[in-house]
Amino acid sequence: QVQLVESGGGLVQAGGSLRLSCAASGRTFSNYVMVWFRVAPGKEREFVAGISRSGGITYYVDSVKGRFTIYRDNAKNTVYLQMNSLKPEDTAVYYCAADWNPVVLRSAREYDYWGQGTQVTVSS
């Protein structure tokens, strides 16, 4: 079992920045691929970013490339999502997820462990 707790969401103006954190407990954090998904109002869950176990490989959905950065600190059992140049269309509930998969997968059903979500609202 892995427990995940997100934090760092909030209300920000367009062009602003936020950093989301996801703290993990329960098992060896470095054994898990970590990802961020988001659910915008009226839309399906969307893969946002993912990071390999070591942190050496990252993946992003096209809409956030160049604006968002995912990174992890295995010593602190935490994964982060730095979000810059935020846009109103980034408004969503953001979830971190973890799995034992050796590679980052972009389908939500591949992930067994989820946090409770944190709201990000970007005003225009």
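Visitor: Before we move on, could you go through the sheet that holds strand β8 (residues 78-83) and cite the residues and values that matter?
Guide: Across the sheet, which stays open at both edges, the 4 strands sit in the order β1-β3-β8-β7 with antiparallel pairing between neighbours. Strands at the two margins of the open sheet, each flanked by one partner only, are β1 (3-7) and β7 (68-73). Here the average twist between neighbouring strands, direction ignored, is 15 degrees. The pairing of β7 with β8 spans 6 bridges and is classified as antiparallel.

Visitor: Let's hear about the state of the cysteines: which residues, and what values?
Guide: Two cysteines whose sulfur atoms are joined by a covalent bond form what is called a disulfide. Considering all chains together, one arrives at 1 disulfide under this definition. One disulfide bridge connects Cys-22 with Cys-96, the sulfur atoms lying 1.9 Å from each other. Judged by the torsion about the S-S bond (55 degrees), the Cys-22/Cys-96 disulfide is right-handed. Here the residue Cys-22 occupies a position in strand β3 (residues 18-25), and Cys-96 occupies one in strand β9 (residues 92-99), the gap between them amounting to 74 residues. According to the relative accessible area criterion, Cys-96 is buried, its value standing at 0%.

Rules used throughout
Residues numbered from 1 in each chain as written. Predicted model: local features only at pLDDT ≥ 70, side-chain atom pairs only at ≥ 80, totals over all residues. Heavy atoms only, no water. Pairing = 2+ DSSP bridges. Helix = DSSP H or I, 4+ residues; strand = E, 2+ residues; numbered from the N terminus. Axes fitted to C-alpha atoms, helices over the stretch in contact; angles between N-to-C directions. Disulfide = S-S within 2.5 Å. Buried < 20%, exposed > 50% of the residue type's maximum accessible area, 1.4 Å probe, protein only.

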